[in-house]
Amino acid sequence: MDLTYTQEEEDFRQRLREWLAAVLPKLPPKPSPDDWPARRAYDTGWQRTLFDAGYGELHWNASPTQHLIFLEETERAGAPYVGANFVGLLHAGPTIAAEGTREQRERWLPPVLRGDEVWCQGFSEPDAGSDLASLRTRAVRDGDTYVVTGSKIWTSHAEVADWCELLVRTDPDAPKHRGISWLAMPMDAPGITVRPLRTLAGSTEFAEVFLDEVRVPVANRVGAENDGWRVTMVTLSFERGTAFVGEVVACRRTLGELAAAAKANGRWDDAVLRRRLGRLHAELAALWRLTQWNVSEAESEGGVPGTGGSVFKLRYSHARQELYDTAAEVLGPDALDLDRAWTLDWLSSLSYTIAAGTSQIQQNIVAERILGLPKGS
């Protein structure tokens with residue numbers, strides 16, 4: 001497989017670099033991490049800036065390789081991340097682009113690309129985390145609407161979201177993977193209660209969401225009724241396949257900063273630590289190559305990432321944890337200083353073997369769908 005870039009792609013990269021260099025110095029300062037309405041405004045303002053410059057549609061109306069270049073260059077330049085609307089831009093939007101009707105694409109995609117609307121994800125439940133298909137939130141058909149009752153947890157940015165990509169059980173008598181539907185739920189509908197959750201790092205980007213007979217139009221269902229598990233696999237392929245691209249670039253930059261810090265404070269003299277840094281350098285370089293491979297595969301398969309995203313997510317989540325464990329070793333007692341960005345990233349890294357599907361789930365996917373091993377082996 002050819003992992004090189006064409007001249008046209010390199011020209012696009014250069015134009016993007018020049019635009020970022022001109023625009024980024026003019027951005028306002030970032031708001032307080034605890035002020036989510038202000039963060040939403042900042043993040044969606046950046047998305048509008050991208051849209052007005054012709055870069056907003058790169059999430060869907062571009063080749064996977066061009067999208068990869070966009071994510072790589074914006075991260076390297078220190079541009080704002082998708083932030084409060086990462087679900088809309090990286091998960092729900094691509095799913096609707098791939099699986100939605102023409103009317104659904106026209107309704108939901110332009111507002112996300114313009115930064116007008118924010119999405120959250122209502123997948124996990126208190127009693128259905130790793131075993132996502134065991135979800136109990138029910139949707140009972142009542143004419144042209146579903147009446148939804150249940151609860152969700154770890155719902156990213158629910159407190160500032162306009163829409164929720166919601167998994168519900170529409171046929172409780174069907175096998176658990178076959179009775180699920182994927183709905184777009186308006187977050188201002190009556191019967192929705194949002195309760196923010198505070199993380200180990202002190203942030204509140206997650207929430208519990210309680211649903212008490214919430215009415216969702218049947219027209220908001222993406223895919224056929226009871227075919228939501230297949231649609232969900234499309235969502236998760238994007239979440240595991242391309243959503244972490246910018247983070248790999250950021251980790252490679254952090255590794256360089258970590259090596260410089262070790263040289264400055266004398267920890268570089270430790271041969272064991274140097275070998276550890278060298279191995280992390282090789283692993284992150286390999287993960288970047290794997291990302292390019294996955295994107296090339298997606299390009300040949302119509303734009304949807306394949307099961308290789310599970311291989312990437314499995315290795316990346318562990319490499320990220322090791323990176324910040326190593327950062328703690330380099331920093332020593334300073335690693336406990338919560339005012340350091342690295343410290344907060346270290347605490348955040350602990351969740352990566354759970355987020356977007358646990359490592360155990362990824363191992364099962366690799367074993368069964370890539371290696372062809374039987375279930376339970």
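Since the model is a prediction, treat every value here as computed from it, not as a measurement.

Draft legend 1. Structural context of helix α5 (residues 102-114). For α5, which comprises 13 residues, the first-to-last C-alpha distance of 18 Å matches the rise-based estimate of 18 Å (1.5 Å per residue) to within 8%. Within α5, burial applies to Gln104, Trp108, Leu109, Pro111, Val112 and Leu113. Looking at the buried residues of α5, the elements they touch are α2 (36-52), α4 (86-99), β1 (119-122), β4 (163-169), β5 (180-186) and β8 (221-222). In the segment just after α5, Gly115 is the residue with positive phi, at about 80 degrees.

Draft legend 2. Highlighting the nonpolar core. Core analysis: the largest hydrophobic core is formed by 35 residues, its most contacted members being Leu16, Trp19, Leu20, Trp46, Tyr55, Phe70 and Leu323. Contributing elements (two or more residues each) for this core: α1 (7-23), α2, α3 (64-76), α7 (245-265), α8 (271-300) and α9 (308-331). Those residues within four positions of Leu20 in sequence are excluded, and the remaining contacts are Pro25, Trp46, Glu73, Thr74, Ala77 and Ala79. Of all hydrophobic cores here, the second largest spans 27 residues; its members include Ile96, Ala128, Leu135 and Leu236.

Draft legend 3. Spotlight on the packing of α1 against α3. One way to put it is that α1 packs onto α3 with a least axis distance of 10 Å and a crossing angle of 30 degrees. Our classification of the angle between α1 and α3 gives roughly parallel. Crossing angle aside, the handedness with which α1 passes α3 is right-handed. Across from Glu9, Phe12, Arg13, Leu16, Arg17 and Leu20 in α1, the residues of α3 making contact are Thr65, Gln66, Ile69, Phe70, Glu72, Glu73, Thr74 and Arg76. Considering only residue class, the contact of α1 with α3 consists of five nonpolar, three polar and six charged.

Reading guide: rules and limits
Residues numbered from 1 in each chain as written. Predicted model: local features only at pLDDT ≥ 70, side-chain atom pairs only at ≥ 80, totals over all residues. Heavy atoms only, no water. Helix = DSSP H or I, 4+ residues; strand = E, 2+ residues; numbered from the N terminus. Expected span 1.5 Å × (residues − 1). Buried < 20%, exposed > 50% of the residue type's maximum accessible area, 1.4 Å probe, protein only. Contact = heavy atoms within 4.5 Å. Core = buried A, V, L, I, M, F, W, Y, C linked by side-chain atoms within 4.5 Å. Axes fitted to C-alpha atoms, helices over the stretch in contact; angles between N-to-C directions. Parallel < 35°, antiparallel > 145°, perpendicular 65-115°, else oblique. Left-handed = near helix turned anticlockwise from the far one by under 90°. Nonpolar A, V, L, I, M, F, W, Y, C, P; charged D, E, K, R; others polar.

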